[in-house]
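Examination of the molecular architecture
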Amino acid sequence: MKIPPFKLEEYFSKYEFTAPYLLCCSDAESWTLKEILDLADPETKTLWDQLSLGYTEPAGLPLLRKEIANLYSTIQPNQVVTFAGAEEGIYCSMRTLIYPGDHVINFGPCYQSLDTLPKEFGAEVTTLPLDPKKNWKFSVEEVAKAFRPNTKLLILNTPHNPTGSLLTADVLNSLIDLARKNGAYIFADEVYRYLEVDEKNRLPAIADAYEKGISLNVMSKAFGLAGLRIGWLATRDKAFLEATASYKLYTTICNSAPSEILALIALRARDVIIHRAREIILTNLQILDRLMERHPTRLSWTRPKGGTVAVIQLLLPIPVEKFAQDLVEKTGVLIIPGTYFDLPGNFFRIGFGRKNMPSILERFEQFLNQLS
Ligand SMILES: Cc1ncc(COP(=O)(O)O)c(C=O)c1O
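These numbers were taken from a predicted model, which means no experiment stands behind them.

Applying the stated criterion across every chain yields a total of 22 salt bridges. Close ionic contact of Arg276 with Glu35 constitutes a salt bridge, the shortest N to O distance being 3.9 Å. Taken as a pair, Arg276 in helix H12 (residues 270–294) and Glu35 in helix H2 (residues 33–38) lie far apart in primary sequence, 241 residues in all. The class for Arg276 is buried, based on a relative accessible area of 18%. Owing to a relative accessible area of 31%, Glu35 belongs among the partly exposed residues under this scheme. Here Lys45 makes a salt bridge to Asp49, at a shortest N to O gap of 2.7 Å. A residue pair is termed a helical-turn pair when its members lie 3 or 4 positions apart in one helix, as Lys45 and Asp49 do in helix H3 (residues 42–49) at 4 residues. One connected set of salt bridges, linked through shared partners, spans Asp41, Glu43, Glu67, Arg268 and Arg270.

In structure tokens form, the structure reads like this:
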């Protein structure tokens, strides 16, 4: 069996550590080890200083699971299992839920593993298109029509990668009603949670809102700690969580011991951490607004409502793959052509979670100004 290449991650492994100016990343500005340790409270400082580098508990350090449970309103620590990043959480969830004969509903474009893995494990997948002409929205009626007697799972990602769109509370409630009526799980990839442009639009986590809801989150994005590789699943569905935790014993067994403590420190200091990420993002969005205003004949977008990424349409008669290739070769600025998300048309993804975005955008604009 040969799994299809993960196009986005392969693109990143080709360029991420060689292109000097990354205008496409989806994580917020990273924190240094020293900055995180400076945020430690006396208890976590002692845990760090006395850390023994052995195996850790497979479901995750109990103190860490307790802190994660505090992010939800109905979730107990034993309803949380940690994983190596969000990616392992996606893999183990799909492995647990999906069997040949199952039907899955998802949305496209999307983060590739949310589409490839259910297919790989034997499901028939109905991908409902997110339409740029409709500000990346879909209709609940379309979703209702897509349900079949064997629909096992509805996959959501909000705030959304790559479009930056956000579900509304009404739409989320309708989707929960549909899933409940059809006996389906909802897997919600919530890795960009806490980065809603307007905090009033933050949705309840699916693990709180729906008894068969599975929430995925991670330290990588809003918390700016991708190198820790700490993600988690939270759900009230005990059978699912136990089965998923069993898969972890065949993948990583347990998390990295230092990463667990660092994640615990960061979660306890989450107000500081999220505040910094939000400030960078909101400032960068205003700078992007001005860029878009200066180039109405070259670029167009739907302003993102959350997360760290957005999709821009290139209005010039140049194929976006060539545009991206010339851009990286001539200026060192890296963007991601929409083709890496199976997005037809002349679109590309940018990221606005990093402090250096304004200076990289200047290089991008100099390049753009030379084109007509
Ligand atoms: C929507 C979404 N889910 C999951 C992941 C994987 O996250 P991690 O790198 O923390 O495993 C990403 C990474 O870009 C993502 O954008």
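Our focus in this paragraph is the site of the ligand. Residues in close proximity to the ligand total 15 residues, the closest being Asn161, Asp189, Tyr192, Ser220 and Lys221. Residue Arg229 places a side-chain N or O atom 2.9 Å away from an oxygen atom belonging to the ligand. At 4 residues, helix H5 (residues 85–97) tops the list of elements feeding residues into the shell around the ligand. Class assignment of the residues belonging to the shell around the ligand gives a composition of 6 nonpolar, 5 polar and 4 charged.

Attention now goes to the domain arrangement of the protein chain. Taken as a whole, the protein chain is organised into domain 1 (7–32 + 271–369) and domain 2 (52–269). The straight-line distance from the C-alpha centre of domain 1 to that of domain 2 is 25 Å. Listed by partner, the interface residues are 32 residues for domain 1 and 30 residues for domain 2. With both chains or domains summed, domain 1 and domain 2 bury close to 2,600 Å², and 60% of this area falls on carbon and sulfur atoms. The tally of links from domain 1 across to domain 2 stands at 1 salt bridge. Note that Arg278 is salt-bridged to Glu199, the shortest N-O span being 3.8 Å. Summed over the shared surface of domain 1 and domain 2, the result is 18 residue pairs in polar contact (both at pLDDT 80 or more). Among the elements of the structure, helix H1 (7–15), H12, strand S10 (309–314) and strand S13 (347–351) are those that each provide at least two residues to the side of domain 1 that touches domain 2.

Rules and cut-offs
Residues numbered from 1 in each chain as written. Predicted model: local features only at pLDDT ≥ 70, side-chain atom pairs only at ≥ 80, totals over all residues. Heavy atoms only, no water. Salt bridge = Lys/Arg side-chain N within 4 Å of Asp/Glu carboxyl O. Helix = DSSP H or I, 4+ residues; strand = E, 2+ residues; numbered from the N terminus. Buried < 20%, exposed > 50% of the residue type's maximum accessible area, 1.4 Å probe, protein only. Near = heavy atom within 4 Å. Polar contact = N/O pair within 3.5 Å; in protein donor to acceptor, adjacent residues only side chain to side chain. Nonpolar A, V, L, I, M, F, W, Y, C, P; charged D, E, K, R; others polar. Domains from an automatic or database assignment. Contact = heavy atoms within 4.5 Å. Buried area = accessible area lost by both parts, 1.4 Å probe.

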